[in-house]
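Take a look at the letters that make up each chain.
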Amino acid sequence: MLIPFFFLMATAPLKTYIMDTVVVVGTRTPTKLSESSRAITVIKDFSTPSLSDALKNALSVNASTLGLPGVQTDLSIRGSTFNQTLVLVNGIRVNDPQTSHYNLEVPFMVSDIDKIEILGGSASSIYGPDAFGGVVNIITRPAGEKFHASAGTSFGTYDAQLKTVSVENERLGLSYENSSSDGYRENTDFKNTTFGAQYSTKLMNTFINYMEKDFGAADFYGEHYAREHTNTIFSGIKLENRLLKTNVYSRIHKDKYIHDITSFDSLTNRHTAYTTGAETQLSTKSFILGTETVFDYLTSNILDDHTVGKFALFGQLRRRIAKKTFLIAGVRTDYNSLYGWQTNPRIEFSKGFRSPVKVRASVGHAFRAPSFTELYYTGKSIGNPNLKPETAWNYEAGIDYTKKNFALINSVFIRDGTNIIEWVRKSDGLVHAENISSDRVKGIETGLTSKILRLNYTYMWTQNPQTEKYINNRVKQLISGELRYTLYGIEMSMDGLYKELQDTVKAQGETYFYVFNGKLSTEFQITTLIKGNLFLQGMNLLDEDYKEYSKYGSIPMPGRGYQIGIKLEVP
């Protein structure tokens, strides 16, 4: 199944993954990747049509797309549930307080994204709640200091259409995207619209972005004729100098969910979640001190109205204790108006050698707060206002080999969780949110990156005394990879994913699947000022008949498809 990766190992550098760059997700301060004491993956210059597609081939990441790309994706890292992954944009949390199904409703075009940093393992000592299984930090491109404009269009299988426009000049940037499809099966059509504006200076960045989605949610939550309409407004301002950084931000997410569009009097869920936050961080090369204040407010015809206030203090010390040897100690204490205080410490160690070999180890505590849905939902599922936060101890050790054009990252990890939140079926025939006693995940992961090839492997063992819904949706093995090279001016890439499910899911008839995608693109000059890029992309090239597993069962995924498009840029 992996033969197509090696068949094409030929020529030009792989641009998608970068090996020794500056990252911030692991420590909140700029740190060379080669000096990090954590397993961090950096994705840059990716050629995928959606954010979820870019994440699918990252180390230890299980991105389960429900339907076509860009509609809805549940994100898991190192065997976490989709609730246990924190998503950031430029270091600002965007996790939805109502439900984590909306965590990847990030209102930015793919072309707005400069790079994605993925941290495996807990990070509650840095970022607080939800940084349980891992963290995804999406870093957007700042507006440039010279004029640049682009426009693109594409079409493909299932009447898929995409139109994009972006303009920037003297620190001001504007972007617009519209995508749609008739769907690959009944009630899987969608229409998405995104636009954004930002203004950047040396010390300030301010932005406002909007996304609107209308899509058929066939079997997403159990109902085949369900339909969903969401819109998201995300805005903020960042002030930053050499020592001090302040973020003030707001996120508003509205969701309208119709249970059965074929019924005139169908039940309709309406939720609006408001998040407002402010964060201040004082940092040097050796220490960080900071505070964060967040208010979440929900208004809903199903969950009622609720407000939660949050406050946090955090600090971190990084010391060089010998040549190429670093010790990091951090702690964060969080207050939540529903359940009080949570304190999460962490300690990390890394040792480099004369050769490009580094060993590292870390141990840390993490927690996740219950969502509004888990606390207050009523219907076929029953929330529980007495839920406790999930907690876990995370242990990790690794050995890495990193040179300029080659990297090999190897990790072993254990996560011992307590008070894990699950939906458990009771004698009344309904599922109820409960804290189960414990949950252990053990795993190994290896990521290889060279000039032309990237290849990832993850194997996980899971152990818990009770399994019902979300915990079952975990993989046993993940293999992903990408090959990209250029021949005669044509850039060719191929990526693939192999996913084997845990035995608890296999018992229900599911086993494994593999999917391969490919892309051809070429650049050409139209005039001295205008250049173009023409591409042809193929999805699920082997026409694999496969399904993704959700809380409510298996969802059939699209067969073979294609997309062809063109993009023009000035200059």
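Residues numbered from 1 in each chain as written. Predicted model: local features only at pLDDT ≥ 70, side-chain atom pairs only at ≥ 80, totals over all residues. Heavy atoms only, no water.

### With respect to the environment of Glu117
Part 1 of the reasoning: Mapping Glu117 onto the fold places it in strand S8 (residues 113–120).
Part 2 of the reasoning: With a relative accessible area of 0%, Glu117 lands in the buried category.
Part 3 of the reasoning: Sequence separation between Glu117 and Val135 is 18 residues; the distance between their C-alpha atoms is 8.1 Å.
Part 4 of the reasoning: Dropping the residues within four chain positions of it, Glu117 is found in contact with Val22, Val23, Val24, Val25, Thr41, Val135, Val136, Asn137 and Ile139.
Part 5 of the reasoning: At a separation of 3.2 Å, a polar atom in the side chain of Glu117 contacts the main-chain amide nitrogen of Val24. (Helix = DSSP H or I, 4+ residues; strand = E, 2+ residues; numbered from the N terminus. Buried < 20%, exposed > 50% of the residue type's maximum accessible area, 1.4 Å probe, protein only. Contact = heavy atoms within 4.5 Å. Polar contact = N/O pair within 3.5 Å; in protein donor to acceptor, adjacent residues only side chain to side chain.)

### Details of the packing of aromatic side chains
Part 1 of the reasoning: All told, the structure shown has 16 aromatic pairs when counted by the stated rule.
Part 2 of the reasoning: Among the aromatic side chains, those forming a connected cluster through ring pairs are Phe215, Phe220, Tyr221 and Tyr257.
Part 3 of the reasoning: Over the aromatic face of Phe314 sits the side chain of Arg28, whose NZ or CZ is 4.3 Å from the ring centroid.
Part 4 of the reasoning: A cation over an aromatic ring shows up here: Lys519 above the ring of Phe535, its NZ or CZ 4.8 Å from the ring centre. (Phe/Tyr/Trp six-rings, centres within 6.5 Å; stacked < 30°, edge-to-face > 60°. Lys NZ or Arg CZ within 6 Å of the ring centre and 35° of its normal.)

### Examining the side chain of Arg227
Part 1 of the reasoning: By the element assignment, Arg227 lies in strand S15 (residues 227–240).
Part 2 of the reasoning: Sequence-distant contacts of Arg227, that is, excluding residues within four places in its chain, are made with Asn187, Asp189, Asp214, Phe215, Gly216, Ala217, Lys256, Tyr257, Ile258 and Ile261.

### Description of the environment of Glu240
Part 1 of the reasoning: Positionally, Glu240 belongs in strand S15.
Part 2 of the reasoning: The exposure class of Glu240 is partly exposed, given its relative accessible area of 35%.
Part 3 of the reasoning: Leaving out residues up to four positions away in the same chain, Glu240 has contacts with Lys202, Leu203 and Lys245.

### Details of the sheet that holds strand S6 (residues 85–89)
Part 1 of the reasoning: Taking strand neighbours across the sheet as the criterion, the five strands line up as S3-S8-S9-S6-S7 in an open arrangement whose pairing is mixed. The open sheet is flanked by strand S3 (40–44) and strand S7 (92–93), the only strands paired with a single partner.
Part 2 of the reasoning: Taken together, the five bridges between S6 and strand S9 (residues 134–140) define a ladder with parallel strand orientation. Along S9, the bridge assignment pairs Val89 with Ile138. (Pairing = 2+ DSSP bridges.)

### Regarding the pattern of salt bridges
Part 1 of the reasoning: Enumeration according to the criterion identifies 30 salt bridges in this entry.
Part 2 of the reasoning: Where Lys213 meets Glu105, a salt bridge forms, and the shortest distance between an N and an O atom there is 3.9 Å. One end of the pair, Lys213, is in strand S14 (residues 204–216); the other, Glu105, is in the loop between S7 and S8, and 108 residues separate them in sequence. In this pair, the class of Lys213 matches that of Glu105, namely buried.
Part 3 of the reasoning: With a closest N to O distance of 3.8 Å, Lys358 and Asp400 form a salt bridge. Placement of the pair is Lys358 in strand S22 (residues 357–368) and Asp400 in strand S24 (residues 390–403), with a sequence separation of 42 residues. With respect to class, Lys358 is no different from Asp400; both count as buried. (Salt bridge = Lys/Arg side-chain N within 4 Å of Asp/Glu carboxyl O.)

### Regarding the pairing of strand S11 (residues 160–169)
Part 1 of the reasoning: Note: strand S10 (residues 148–156) against S11, nine bridges, orientation antiparallel. Opposite Ala149, over in S11, you have Val167 as the bridge partner.
Part 2 of the reasoning: Hairpin connection between S10 and S11: a loop of three residues separates the two successive antiparallel strands, and Tyr158 in this loop has a positive phi of roughly 60 degrees.
Part 3 of the reasoning: For S11 and strand S12 (residues 172–181), the ladder comprises nine bridges, and the chain directions are antiparallel. The residue of S12 that forms the bridge with Glu168 is Gly173.
Part 4 of the reasoning: Hairpin connection of S11 to S12: two residues between the antiparallel strands, including Glu170 at a positive phi of 50 degrees.

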